[in-house]
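# Descriptive structure summary
These are the residues of each chain, in order.
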Amino acid sequence: MKFPLNSYERVFLQLKSSKAGRLDRLPCINPTSTATLEFMEATGAHWPEAHLNPEKMAKLGSAAHRLAGLDNVSIPFDLTVEAEALGAKVDYGGGAQPTWPKIEKYILDTSESLELPRDLESAGRIPILAEALKILKEEFKGEVPVNVFINPPFTCLSHYLHSPQKFFGILLKEPEKVKAWMDTLTEASIRIVEVYVEAGADIVTLHEMAGTLISPKHFEEFVEPYLKKLTAKIRCPTILSICGSALRIVDMMVRIGANAIALDEKTSLGQARRKADRIRPNYPIAGNISPKLLCEGTPNQILQAVKEAIAEGVSLVAPGCDFMLETPTENIRHLVDAVEKLSME
């Protein structure tokens, strides 16, 4: 393979094996939301329209690559897609300042019934994401990986279909009910992801944000088996992204079977690397640059954070979660520049 690699080659080589010496440099990605206020201004793809219009979604989802050199494009920009497709009503905002979409009413707070619509594949915004993925794939095929992230069953159930205050009580008192819901949501996720893969997704990220809000025992019981089933059904590379202090569950994260795991700044990369390597040597790990540092930090602080991540064994340099909306484009460029400068020294 000839150097320099393009972004697609760089990322896919690393997802298949993170052994040194096969890359021109480490990839610099964000497998979650890449939306920022400056990207909205630069592309003319503002919220809430970019949540609902496939052309604008594709423009905003590719801005971090076009304007800052990130090694992937990524959609959507929030975690309400799956719940909306199952019947939840979403508030997209629409005031002078963009706001994150939020659930207006938790459908399982008033009903214990969770049935999948027959037309799930065409429900809510799923067709909009599918069309945006087709647009992105047509432009970036073989050059830049097209990432789509989903709200996996546990996070969707505990924070988007149920109010968290009620859900965690049910988890403790009625575990079999939770498992039945998880079975249903895992089937829903499999069906939704298949639409995305058919539309052109190169990578599917499972953005399991609630994975660190429960004990490792509960993770093993209520999260791991369902993510294993989901991951096994996905016909493209996958990344399992879990925010928060995840060191206690890194071993289970690796065993779930995704092509990589993504961690944030609350988890020591060095310790995570040692745990992962005991299970699968050189297993790809993405992370763990603080989104707050990326938003507010100086070029030197960003450089030092990248230097530390590389020293601790990161495979793909990435922010630990979504870009903060206020993140300057210049700082994302500093991130990419730091990776280019440091990763192959």
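Below is a short write-up of the structure.

So, on to the overall build of the protein. The helix and strand inventory of the protein stands at 17 helices and 9 strands. Computed over C-alpha atoms, the radius of gyration of the protein comes to 19 Å, within 12% of the 20 Å expected from 2.2 N^0.38 for 345 residues, which places it in the range of a compact globule. The dimensions of the protein, computed from C-alpha atoms along their principal axes, are 55 × 45 × 35 Å. Buried positions account for 59% of the 345 residues belonging to the protein. Across the protein, every contact between residues at least 6 apart in sequence was considered, and the portion connecting residues at least 24 apart equals 73%. Of the roughly 13,900 Å² of accessible surface on the protein, a fraction of 50% belongs to carbon and sulfur atoms. Between the centroid of the 39 positive side chains of the protein and the centroid of its 45 negative side chains there is a distance of 5 Å.

Another point: unusual backbone geometry. With omega at 5°, the peptide bond leading from Trp47 into Pro48 counts as cis. With respect to the helices and strands, the residue Pro48 is situated in the loop between α2 (37–43) and α3 (49–52). With omega at -5°, the peptide bond leading from Ile75 into Pro76 counts as cis. Turning to its location among the elements, Pro76 is positioned in the loop between β1 (73–75) and α6 (81–85). The phi angle at Asn282 is positive, at roughly 65°, despite the residue not being glycine. Along the chain, the position of Asn282 falls in the loop between α14 (269–279) and β8 (285–289).

Turning our attention to the pairing of strand β9 (residues 316–319). Burial along β9 is two-sided: the face carrying Leu316 and Ala318 and the face carrying Val317 and Pro319 are both buried. Bridge analysis of β8 against β9 gives 4 bridges, and the strand direction is parallel. From the neighbouring strand, Gly287 faces β9, where its bridge partner is Val317.

Quick look at the packing of helix α16 (residues 299–311) against helix α17 (residues 329–342) now. Between α16 and α17, whose axes approach to 9 Å, the crossing angle comes to 45°. By the criterion of interaxial angle, the relationship of α16 to α17 is oblique. Crossing of α16 over α17 shows right-handed handedness. Facing α16, whose interface residues are Pro299, Ile302, Leu303, Val306, Lys307 and Ile310, α17 presents Asn331, His334, Leu335, Ala338, Val339, Lys341 and Leu342. Within the contact of α16 with α17, the residues separate by chemical class into 9 nonpolar, 2 polar and 2 charged.

Once that is clear, we can look at helix α1 (residues 7–16). Of all 10 residues making up α1, 7 are buried, and the element is well covered by its neighbours. Within the sequence span of α1, burial applies to Ser7, Arg10, Val11, Phe12, Leu13, Gln14 and Leu15. Considering only its buried residues, α1 is in contact with α5 (63–68), β5 (203–207), β6 (238–242), β7 (260–263) and β9. Its side-chain oxygen placed 3.0 Å from the backbone nitrogen of Tyr8, Asn6 serves as the N-cap of α1.

As a further point, take the environment of Met253. Tracing the chain through its elements places Met253 in helix α13 (residues 250–256). Since its relative accessible area comes to 0%, Met253 is described here as buried. As a C-alpha pair, Met253 and Trp100 span 153 residues in sequence and 28 Å in three-dimensional space. Excluding residues within four positions of it along the chain, Met253 makes contact with Phe219, Leu240, Ile242, Ala246, Ile261, Ala262, Leu263 and Tyr283.

Cut-offs and rules
- For every chain, the first residue of the written sequence is number 1, and numbering continues from 1 along that sequence.
- Reporting of local features is limited, given that this is a predicted model, to residues whose pLDDT is at least 70; pairs of side-chain atoms are given and counted only at 80 or more, and all residues count toward the totals for whole chains, interfaces and linings.
- Excluded from the side-chain calculation are hydrogens and water; included are all heavy atoms of the structure.
- Going along the chain from the N terminus, every DSSP run of H or I of four or more residues is numbered as a helix, and every run of E of two or more is numbered as a strand.
- Here the radius of gyration uses the C-alpha set of atoms, whereas the globule reference equals 2.2 Å times the residue count to the power 0.38.
- Between buried and exposed lies partly exposed: a residue is buried under 20% and exposed over 50% of the maximum accessible area for its type, with that area taken using a 1.4 Å probe on protein chains only.
- Here, residues are in contact when the closest pair of their heavy atoms is within 4.5 Å.
- Here the open area of atoms and residues is found with the Shrake-Rupley method and a 1.4 Å probe, where only the protein chains shown may cover a residue.
- His residues and chain termini do not enter the charge count, which takes Lys and Arg as positive and Asp and Glu as negative.
- Taken as the charge location is NZ of Lys, CZ of Arg, CG of Asp or CD of Glu.
- Strands were regarded as paired on the criterion that DSSP finds at least two bridges between them.
- Between N-to-C directions, angles cover 0 to 180 degrees, with each direction set by a line fitted to C-alpha atoms, over the stretch in contact for helices.
- In this scheme, roughly parallel covers angles under 35 degrees and roughly antiparallel covers those over 145, while 65 to 115 is roughly perpendicular and the rest are oblique.
- When the near helix sits turned anticlockwise from the far one by under a right angle, the crossing is termed left-handed; a clockwise turn instead gives a right-handed crossing.
- Following the grouping adopted for this structure description, the nonpolar residues are Ala, Val, Leu, Ile, Met, Phe, Trp, Tyr, Cys and Pro, the charged ones are Asp, Glu, Lys and Arg, and the polar ones are all others, Gly among them.
- Two N or O atoms count as a polar contact when they lie within 3.5 Å, although within protein this holds only if one can serve as hydrogen donor and the other as acceptor, and sequence-adjacent residues are included solely when both atoms are side-chain atoms.

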